Amino acid sequence: YRQERLLPKKEEIDRPGSELHTRAAEYARCYSTAAAEVASRIYQRSPERFWEAKARPIFRLAEAYEKLGVPLSGITANGRDFALAVVKYIGLWELFLDVATDETTEGGGKEVGIAYLLKRFKGRGVPIARDRLIIVGDSLRGDVGSGTHLRELGAKVVGVLVLRDRDELKKIRVDIERDVELKNLTSRIKTRVMFADEAILPEADTGVYL
């Protein structure tokens, strides 16, 4: 889908006012509304399911950063209704100062969301250390890669990629060797690897980098 549909049509899909953009936005809106309703029903019946569904390593890392006084925010490609429902039910609302959703990344990807969040932080008087911006996620291309444009603007960006285990790391490294885009990404953003089956703390350095 990415190679045959998304990339060839990306500019049109991202351009407000185009037919493909309007159609995609409507699909996303309907999905977000329906998903938020389902999430609410599940939470009312079985709130423990949200604890079970947490990406616990990333959650623990967020808690540790928050205790150190690092301002945190989240970015998701999901719509606002669904995203805010999930953030609330899994407890991230207490850790995040803000969340960028599909609506706030209009006209681009997560890099647009980052710009939105930095602007929001500035408006609240939250200081941003542009010499040490950290992007955490479980996707090299979709999460860590969104910080590429910040480097182009002069910010110092590092990545933390959370993988399931060391077998997944082997697969990622094969993908990097085969994909010029990924190889370029890892050469531009120093990315530390952390594993879901190992203890995760900000100061815990596995010594593994991409």
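Numbers given to residues run from 1 along each chain, matching the order in which its sequence is written. The model is predicted, so local features are restricted to residues of pLDDT at least 70 and side-chain atom pairs to those at 80 or more, both for listing and for counting; the totals for chains, interfaces and linings are taken over all residues. By convention in this description, side-chain values take in all heavy atoms of the structure and omit both hydrogens and water.

**What to know about the overall build of the chain**
Rule in force here: Numbering goes from the N terminus for both helices and strands, where a helix is a DSSP run of H or I of at least four residues and a strand is a run of E of at least two. Here the globule rule reads 2.2 Å times residues to the power 0.38, and the radius of gyration is calculated from C-alpha atoms. For the exposure calls, accessible area comes from a 1.4 Å probe over protein chains only, and a residue counts as buried if that area is under 20% of its type's maximum, exposed if over 50%, partly exposed in between.
When helices and strands are counted, the chain shows 9 helices and 5 strands. For the chain, the sequential pattern of α-helices and β-strands runs α-α-α-α-β-α-β-α-β-α-β-α-α-β. Rg of the C-alpha trace for the chain: 18 Å, near the compact-globule value of 17 Å for 210 residues, within the 12% margin. When burial is assessed residue by residue, the chain has 37% of its 210 residues classed as buried.

**Regarding the packing of aromatic side chains**
Put simply, the rule is: Between 30 and 60 degrees the pair is tilted, below 30 it is stacked and above 60 it is edge-to-face, where a pair is any two Phe, Tyr or Trp rings, Trp via its six-membered ring, whose centres lie within 6.5 Å.
Inspection of every chain in the model, using the stated rule, returns 4 aromatic pairs. Their ring planes at 75 degrees and their centres at 6.0 Å tell us that Y31 and F82 sit as a pair that is edge-to-face. Within this pair, whereas Y31 is found in helix α2 (residues 19-45), its partner F82 is found in helix α5 (residues 80-90), the two being separated by 51 residues in sequence. Among the residues examined, F82 registers a relative accessible area of 18% and is labelled buried. Both rings, one in Y43 and one in Y89, keep their centres 4.2 Å apart while their planes meet at 10 degrees; by these two values the pair is stacked. With Y43 in helix α2 and Y89 in helix α5, the pair connects residues that are 46 residues apart, well separated along the chain. Note on Y89: relative accessible area 17%, which makes it buried.

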